[in-house]
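Spelled out from the first residue to the last, the chains are:
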Amino acid sequence: MYALYYSPGTASMVVHLALLEIGAPHELRLVDFDTKAQHDPDYLKLNPRGVVPTLVIDGRPLSESAALLMVLAERHPEAKLAPPTGTPEHEAWQQWIVYLSNTLMSTYRFWFYPPELGAAEHTPEVRAALQRKIEGVWDLLDAQLAAHGPYLLGKEFSGADLLLTMLMRWSRNMPRPVTEWPALKRLADLVRARPSWQKLYEIEGLSEW
């Protein structure tokens, strides 16, 4: 039994998706951002940074969504969220997970939270720079998928596609959403058609893509 501390539509989304793909028994524990529950002393004992997700495994709280995806994929190889260890495909899978975490997730953090760059709101120059960086990642990934897709590993779906689609969703209100890149939109449509994605929307009460 896993326990996932989550908030709808946030970085916990990929971990929730992975649990649904695996079919493993799990409990969901809502961290209500509206009431600042992420700063509750009891939650901070589990996650001192006061962020989601936190996944409790055998009584041990772990964090970082990309890392949790990798942990779940390794604990449940039968779900095929990752290729077999020791294969070139597994190495490529690890590369994409780390790339998405290091580039998109870190940049989005600055995009959504201007105070982390020292201002209440971004200047037009900073906002434009962050937008260019995110769109540069879309350019690279769209070219990869157009040449070798439809998924990040080619013909086979993996957990890396769950992570990527969650991050694509976060662009929906940006000046140029990711759906304007054709190969990325194709991947997003494939992932959004999966039962796990549809079930998550039902459970978390999400509607907009």
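Before reading on, note that the structure itself is shown above.
Please read these numbers as outputs of a predicted model, since none were measured by experiment.

Visitor: So what exactly am I meant to see when it comes to the pattern of salt bridges here?
Guide: Two side chains bearing opposite charge may form a pair once their charged atoms approach each other closely. Considering all chains together, one arrives at 11 salt bridges under this definition. For Asp 42, the salt bridge identified is with Lys 45, shortest N-O distance 3.9 Å. On the criterion of helical spacing, the pair formed by Asp 42 and Lys 45 is a turn pair, its members being 3 residues apart in helix α2 (residues 41-46). The residues Asp 42 and Lys 45 share a single accessibility class, namely exposed.

Visitor: Which parts of the structure should I look at to understand the packing of aromatic side chains?
Guide: Aromatic ring pairs: the centre-centre distance and the angle between the two ring planes describe each pair. Evaluated as defined, the whole model comprises 7 aromatic pairs. With centroids separated by 5.9 Å and ring planes inclined at 80°, the aromatic side chains of Trp 96 and Tyr 99 adopt a geometry described as edge-to-face. Here the residue Trp 96 and the residue Tyr 99 both occupy positions in helix α4 (residues 88-112), the gap between them amounting to 3 residues, near one helical turn. With a relative accessible area of 8%, Trp 96 lands in the buried category. Pairing Tyr 151 with Phe 157 gives two aromatic rings, centres 5.9 Å apart and planes at 75°, and the pair type is edge-to-face. Judged by its relative accessible area of 11%, Tyr 151 falls in the buried class. Lying over the aromatic face of Tyr 113, Arg 109 brings its terminal NZ or CZ to 4.3 Å of the ring centre.

Visitor: What is the right way to look at the nonpolar core in this model?
Guide: As a rule of thumb, nonpolar side chains are buried together in soluble globular proteins. Of all hydrophobic cores here, the largest spans 60 residues; its most connected members are Trp 138, Leu 141 and Leu 163. The element best represented in this core is α4, accounting for 8 residues. Apart from residues no more than four positions distant in its own chain, Leu 141 is found in contact with Trp 96, Tyr 99, Leu 100, Leu 104, Leu 152, Leu 164 and Leu 184.

Visitor: Help me understand the side chain of Thr 165 in this model?
Guide: Here Thr 165 shows up in helix α6 (residues 159-169). Using a relative accessible area of 0% as the deciding quantity, one classes Thr 165 as buried. Polar contacts involving the side chain of Thr 165 include one to the main-chain carbonyl oxygen of Asp 161, which spans 2.7 Å. Apart from the residues lying within four places of it in its own chain, the contact partners of Thr 165 are Leu 187, Ala 188, Val 191, Trp 197 and Trp 209.

Visitor: Can you help me understand unusual backbone geometry in this one?
Guide: Note: most residues except glycine have negative phi, and most peptide bonds are trans. For the bond from Val 52 to Pro 53, the omega torsion is 5°, close enough to zero to count as cis. That bond from Gly 149 to Pro 150 is cis: its omega, 15°, falls within 30 degrees of zero. Inspection of the secondary structure puts Pro 150 in the loop between α5 (124-148) and α6. For Lys 36, which is not glycine, the phi dihedral falls at a positive 60°. Within the secondary structure, Lys 36 is located in the loop between β2 (26-30) and α2.

Visitor: Even after reading the chapter, I still don't get α5, so can you show me in this structure?
Guide: An α-helical segment advances 3.6 residues per turn. Residues three or four places apart therefore align on the same side. The end-to-end C-alpha distance of α5, which contains 25 residues, comes to 36 Å, matching closely the 36 Å that a straight helix rising 1.5 Å per residue would cover. Inspection of α5 places Leu 130, Gln 131, Ile 134, Glu 135, Val 137, Trp 138, Leu 141, Asp 142 and Leu 145 among the buried residues, and these make up the whole buried set. Looking at the buried positions of α5, the neighbouring elements they touch are α4, α6 and α7 (182-192).

What counts as what
Residues numbered from 1 in each chain as written. Predicted model: local features only at pLDDT ≥ 70, side-chain atom pairs only at ≥ 80, totals over all residues. Heavy atoms only, no water. Salt bridge = Lys/Arg side-chain N within 4 Å of Asp/Glu carboxyl O. Helix = DSSP H or I, 4+ residues; strand = E, 2+ residues; numbered from the N terminus. Buried < 20%, exposed > 50% of the residue type's maximum accessible area, 1.4 Å probe, protein only. Phe/Tyr/Trp six-rings, centres within 6.5 Å; stacked < 30°, edge-to-face > 60°. Lys NZ or Arg CZ within 6 Å of the ring centre and 35° of its normal. Core = buried A, V, L, I, M, F, W, Y, C linked by side-chain atoms within 4.5 Å. Contact = heavy atoms within 4.5 Å. Polar contact = N/O pair within 3.5 Å; in protein donor to acceptor, adjacent residues only side chain to side chain. Expected span 1.5 Å × (residues − 1).

The values reported here are purely geometric and, on their own, carry no functional implication.
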